[in-house]
Amino acid sequence: MKLKQRVVLLAILLVIFIFTKVFLIDNLDSSAANREDQRAFHRMMAGLRVELVPKLDHTLQSPWEIAAQWVVPREVYPEGGQKVVFKPKRYNRDHVVEGEPYAGYDRHNAEVAAFHLDRILGFRRAPLVVGRFVNLRTEIKPVATEQLLSTFLTVGNNTCFYGKCYYCRETEPACADGDTMEGSVTLWLPDVWPLQKHRHPWGRTYREGKLARWEYDESYCDAVKKTSPYDSGPRLLDIIDTAVFDYLIGNADRHHYESFQDDEGASMLILLDNAKSETSFYKDRETAQSIPNALRRI
């Protein structure tokens, strides 16, 4: 082999050696970097690792105890063991009550719907309400007081009763379907929280031909805002919330409202007695528009 050829071959081998050396060094550096990345990753995971076996060396809270911490003083929630109020079914779901907004009987399903709307809106000011079927013969009569038992009667094949109350009449009993009666069950607030009744500033007169002041006096709202408890605190805002609430359920019969006693105006407005809703609301445009009157004038 000639000298020139030998020089060219050596040069080629030298170039191949240099490239091989560089490639190996780069691979070694990359491997080292990868190993360092892996070590850093494992250190991070070790810091985030959660024990799969829980340690029960502390006092656990029940879901009810945890949920109770969500409730603030301006909300109502059940504690268990309370009394309830039963409102019997008077109408079918599609029955329309004609006449004034306060005409007819209470609708038991309106109480249920109002409770769920209150929950959806996040007010939490309405006592808990659920629908129930009860057997008057086997579940109610055996435990009823003598006063209530004296109001039971039979109409056709149906067990009925009319109860003892201001509006209760023997000529207008509530009747079951046979012995089974549908109705709503409303939580009775504990006696340790006595309620105070207030006249609603936008209530009706309930007298034929006589308008309430808010129905004709454009300055009425300004007068309300200067009167206790609406001149300070959250009460006037609660009235506005209630106007929206009543408009949605079609309740034009909010003549009074309740709050907790001795609260100096700080208590929420409690949404009791919502059964005069879902009646003729969608047929009576004038009545519907009168419900949010407080909202429109403030």
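With an unreviewed UniProt entry as reference, the protein is termed FAM20B glycosaminoglycan xylosylkinase, source organism Rousettus aegyptiacus. UniProt lists a comment for the protein under the heading Sequence similarities (unreviewed entry), and it reads "Belongs to the FAM20 family." A UniProt comment under Subcellular location (unreviewed entry) is attached to the protein, and it reads "Golgi apparatus".

A. Inspection of the overall build of the protein at higher detail. Regarding its fold elements, the protein presents nine helices and eight strands. Here the protein holds 298 residues, and the buried ones make up 33% of them. Split by element, the accessible area of the protein, about 20,300 Å² in all, is 57% carbon and sulfur.

B. The arrangement of the state of the cysteines in detail. Under the defined criterion, the tally for this structure stands at two disulfides. Each sulfur of the disulfide joining C160 and C175 lies 2.0 Å from the other. Here the disulfide of C160 and C175 is right-handed, its torsion about the S-S bond being about 105°. Of this pair, C160 sits in strand β4 (residues 158–161) while C175 sits in strand β5 (residues 174–175), and the two are 15 residues apart along the sequence. Classification of C160 by relative accessible area gives buried; the value is 0%. Residue pairing for C165: its cysteine sulfur links by disulfide to C168, the two sulfurs lying 2.0 Å apart.

C. Fine view of the packing of aromatic side chains. Evaluation of the coordinates by the stated rule reveals six aromatic pairs. With centroids separated by 6.0 Å and ring planes inclined at 40°, the aromatic side chains of Y91 and Y105 adopt a geometry described as tilted. Within this pair, whereas Y91 is found in the loop between β1 (84–88) and α3 (108–121), its partner Y105 is found in the loop between β1 and α3, the two being separated by 14 residues in sequence. The cationic tip of R90 hangs over the ring face of Y105; the distance from NZ or CZ to the ring centre is 4.1 Å. The side chain of R125 reaches across the aromatic face of F123, ending 4.7 Å from its centre.

D. Main features of the sheet that holds strand β3 (residues 152–155). Taken in spatial order, the three strands line up as β3-β4-β5 in an open sheet, and their pairing is antiparallel. Both edges of this open sheet fall to β3 and β5, since each of them pairs with a single strand only.

E. Examining helix α7 (residues 235–249) more closely. Taking 1.5 Å of rise per residue, 15 residues should cover 21 Å, and α7 covers 21 Å from first to last C-alpha, within 8% of that figure. Buried within α7 are the following residues: R235, L236, D238, I239, I240, T242, A243, F245, D246 and I249. At the exit of α7 stands G250, carrying a positive phi of roughly 75°.

F. Representation of the pattern of salt bridges. One pass over the full model with this rule turns up 12 salt bridges. A salt bridge links R125 to D241, with the nearest nitrogen and oxygen atoms 3.1 Å apart. Of the two residues, R125 is situated in the loop between α3 and β2 (129–135) and D241 in helix α7; the sequence distance between them amounts to 116 residues. Accessibility expressed as a relative area gives 24% for D241, which makes it partly exposed. A salt bridge links D217 to R213, with the shortest nitrogen-to-oxygen separation between them at 2.8 Å. Its relative accessible area of 17% is what places D217 among the buried residues. We classify R213 as partly exposed; its relative accessible area is 38%. Taken together, the shared-partner salt bridges connect K87, D106, E111, D273 and K276 into one network.

G. A look at unusual backbone geometry. A cis amide bond links S228 with the next residue in sequence, P229, at an omega value of 5°. Relative to the helices and strands, P229 resides in the loop between α6 (220–224) and α7. Phi is positive for Y206, close to 60°, though the residue is something other than glycine. Structurally, Y206 is set in the loop between β7 (195–199) and α6.

The rules behind these values
Residues numbered from 1 in each chain as written. Predicted model: local features only at pLDDT ≥ 70, side-chain atom pairs only at ≥ 80, totals over all residues. Heavy atoms only, no water. UniProt positions renumbered as here; feature names shortened; annotations may be inferred. Helix = DSSP H or I, 4+ residues; strand = E, 2+ residues; numbered from the N terminus. Buried < 20%, exposed > 50% of the residue type's maximum accessible area, 1.4 Å probe, protein only. Areas by Shrake-Rupley, 256 points an atom, 1.4 Å probe, with all protein chains shown as cover. Disulfide = S-S within 2.5 Å. Phe/Tyr/Trp six-rings, centres within 6.5 Å; stacked < 30°, edge-to-face > 60°. Lys NZ or Arg CZ within 6 Å of the ring centre and 35° of its normal. Pairing = 2+ DSSP bridges. Expected span 1.5 Å × (residues − 1). Salt bridge = Lys/Arg side-chain N within 4 Å of Asp/Glu carboxyl O.

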